[in-house]
Amino acid sequence: EAARRVLLLGEGNFSFAASLCGATAAHIVATCYESEEEACGRGGAAESVRRLRERGAEVLFSVDCTKLKDYFSPEKRKFDCIYFNFPHCGRKAGVVKNRELLARFFHSSAEVLTEEGEIHVALCNGQGGTPADQPRREWHNSWQIVAVAAAAGFILSNVHPFKAETIHGYKCTGYRSQDKSFCIEGALNHIFTRSKPLPYFKPMICEIELESRKVSFQVPQVLVDKINRGFLEPNSNHPVRTVKEKLTAELSQTFPLKNTDCSLSLLHQGHLNGVCHSNVFWITLSPEETPSAEEMSNGVANAVLFSTVDFCRDTDKNGWVTVQEGCHISKQYYLRPSLLPSAQAVIQRGAFLPGTLHVLSAPVFRKCLISPYSMPVFHEVVFVCAVNRGAEKSCTQMLVDSIKASMCSLHQTVSGIKLSINLQETSSFETTELNDFAAFESQLGKIQYFICVERDTSDSGEKGSCVGIIRTEQISSELVVVFASLNLDLLVTLICGISDWRMLWTSDTRFLRQFPRGELKLFKSFSLYPPSYVHDVSFWV
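None of the values given here were measured: they were computed from a predicted structure. (Residues numbered from 1 in each chain as written. Predicted model: local features only at pLDDT ≥ 70, side-chain atom pairs only at ≥ 80, totals over all residues. Heavy atoms only, no water.)

1. So, the overall build of the protein
Assigned secondary structure in the protein consists of 13 helices and 21 strands. The 541 residues of the protein split such that 47% are buried. Total accessible area computed for the protein in this model is approximately 27,800 Å², and 50% of it derives from carbon and sulfur atoms. (Helix = DSSP H or I, 4+ residues; strand = E, 2+ residues; numbered from the N terminus. Buried < 20%, exposed > 50% of the residue type's maximum accessible area, 1.4 Å probe, protein only. Areas by Shrake-Rupley, 256 points an atom, 1.4 Å probe, with all protein chains shown as cover.)

2. Concerning the packing of aromatic side chains
For the coordinates displayed, the defined rule picks out 17 aromatic pairs. Both rings, one in Phe-86 and one in Phe-182, keep their centres 5.4 Å apart while their planes meet at 75°; by these two values the pair is edge-to-face. Of this pair, Phe-86 sits in the loop between strand 4 (79-85) and helix 4 (95-109) while Phe-182 sits in the loop between strand 6 (154-161) and strand 7 (188-194), and the two are 96 residues apart along the sequence. (Phe/Tyr/Trp six-rings, centres within 6.5 Å; stacked < 30°, edge-to-face > 60°.)

3. Some details on helix 9 (residues 340-348)
For helix 9, the complete set of buried residues consists of Leu-340, Ser-342, Ala-343, Val-346 and Ile-347. Within helix 9, the buried residues cover an arc of 165° as seen down the axis, which keeps them to one side. Immediately beyond the C-terminal end of helix 9, within one or two residues, lies Gly-350, with a positive phi of roughly 75°. (Arc of directions from axis to C-beta.)

4. What to know about the confidence of the model for the protein
When pLDDT is averaged along the protein, the result is 83, and 86% of the positions lie at 70 or above. When pLDDT is averaged over each helix and strand of the protein, the minimum, 35, is found for helix 8 (residues 302-305) and the maximum, 97, for strand 7. Scored below 50 in pLDDT, residues 295-329 shows 58 contacts in the model against residues more than four places distant or in partner chains. Segment residues 457-462: pLDDT under 50, and three contacts once partners within four positions in sequence are set aside and those in other chains are kept. (pLDDT = per-residue confidence, 0-100. Contact = heavy atoms within 4.5 Å.)

5. A closer look at the sheet that holds strand 15 (residues 332-335)
Strand order across the open sheet formed by three strands is 11-15-12, with antiparallel pairing between neighbours. Edge strands, defined here as strands with exactly one partner in the open sheet, are strand 11 (267-269) and strand 12 (282-284). Neighbour-to-neighbour, the strand axes of this sheet turn through a mean angle of 40°, independent of strand direction. Bridge analysis of strand 12 against strand 15 gives three bridges, and the strand direction is antiparallel. The residue bridging Ile-283 from the neighbouring strand is Tyr-333, located in strand 15. (Pairing = 2+ DSSP bridges. Axes fitted to C-alpha atoms, helices over the stretch in contact; angles between N-to-C directions.)

6. With respect to the environment of Gln-253
Here Gln-253 is to be found in the loop between helix 6 (239-251) and strand 10 (257-259). With 149 residues separating them along the chain, Gln-253 and Ser-402 place their C-alpha atoms 8.5 Å apart.

7. Let's talk about the nonpolar core
Ranked by size, the top nonpolar core spans 86 residues in total, and within it Phe-217, Leu-267, Leu-335, Phe-383 and Leu-399 carry the most contacts. By residue number, the principal contributor to this core is strand 17 (residues 377-388), which donates nine residues. Listed in part, the 30 residues of the second largest apolar core include Phe-14, Ala-18, Leu-20 and Cys-124. (Core = buried A, V, L, I, M, F, W, Y, C linked by side-chain atoms within 4.5 Å.)

8. Examining the side chain of Thr-356
Its place among the elements puts Thr-356 in the loop between helix 9 and strand 16 (357-365). The class for Thr-356 is buried, based on a relative accessible area of 9%. Apart from residues lying up to four places away in sequence, Thr-356 is in contact with Pro-256, Leu-257, Lys-258, Val-384 and Cys-385.

The following block contains the structure:
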């Protein structure tokens, strides 16, 4: 395996490079902006350069950090790590000039850094302009390092104190372009990695088997990167699957368990009783003229196959859809919004054993206003148990106790903070407190209980979040079925401290690497202090 290549920029007296070279097996390329004559005139520089060369390091002079690719041949242009300690334009340059220097440096570094490489930038206290600086300067008076790095495609992934005392032989120099030291008390080392480019998703065609024949449909744009991701598959390391597996393992201690092996259709057909039609993703198929996949990918038959208004219907102000009589309607389908119909189908087929807990899990799709805790797609798990009439309350309590025990154990293991899990009756739950998940579930039928989770922290001002519901249904004079539905994505965000559900769907390997198979950890963001902008607009006559 080739040795890691490390590039050091803006070395003053080369003392940092000499120390690093003695502590690592990486190949060091140490550079400075001045000529060799000017640099070696600084105290100790000549000795450091001699030690570096003796150890096989490369030493280059007159290197401009804003034009890095000009100094290296293509085969030697990629570095695994770039260090730039205390960059400065020199003399009495102000924040604007130094900000411009950083911006050009990051753009230049992007051309010589490996895909998985890191950039380390050390700044004096306050210069960076991040919350890590204490005290923190006003934004306009800082170097705005996160923002200038973002413009070149980098994110701040870590920040920690620059401990000069731990670097053997290190001596800072270069105060106002002179051979003088400067104050580095409270200095910070900022570590940057590449951000993923903003994805552009082409229209996607999904092929499935429906009613014994293959059909294709165009996936709604908001779901293009979320169809067929396989988070719940046996070979998946995703935390959504881990939480589901740990939940079912806990429940198996109380109930005989059966993973229901039934075909969960991606598309449903028919009328959604009580459900606002604007909350589901409608798909229109014309099976008589289904083109080939090649034709579909070329967009040839979109007009034939897909139409959202090729039938007569009225939509009222609340989004309810009424199909007029006498109109020709091509078959209307919608993406699976819930696993409840599938669970009910298991019961209706009689494919269940009383007292056995049946488990169904899959992604479901619902139109909603997107927010950090409101999602158009999530993984639902449904537990179904049929019991003798009169035993439904004790079954419900056992089910809830097992779910609570599993969730509390998971969260305390991950973060050391207890979760407060409450079972609230529908009558005591205010309509205004319903999140999108609970509000949609309420449309599917009567709910007996909401399962609400709240972090048990004294400084938390957050209200409890509804992560699940429990409903019961009498199917015969002797049997009552208890259904428990949980939003696995919401559970993962609460247990692992993930601030936005969209992180669960990222293709960035830095996310999944934090969750080895079967392990749950407190999520550590690899993008710290992202720039946030608030724009006010006013109009006047």
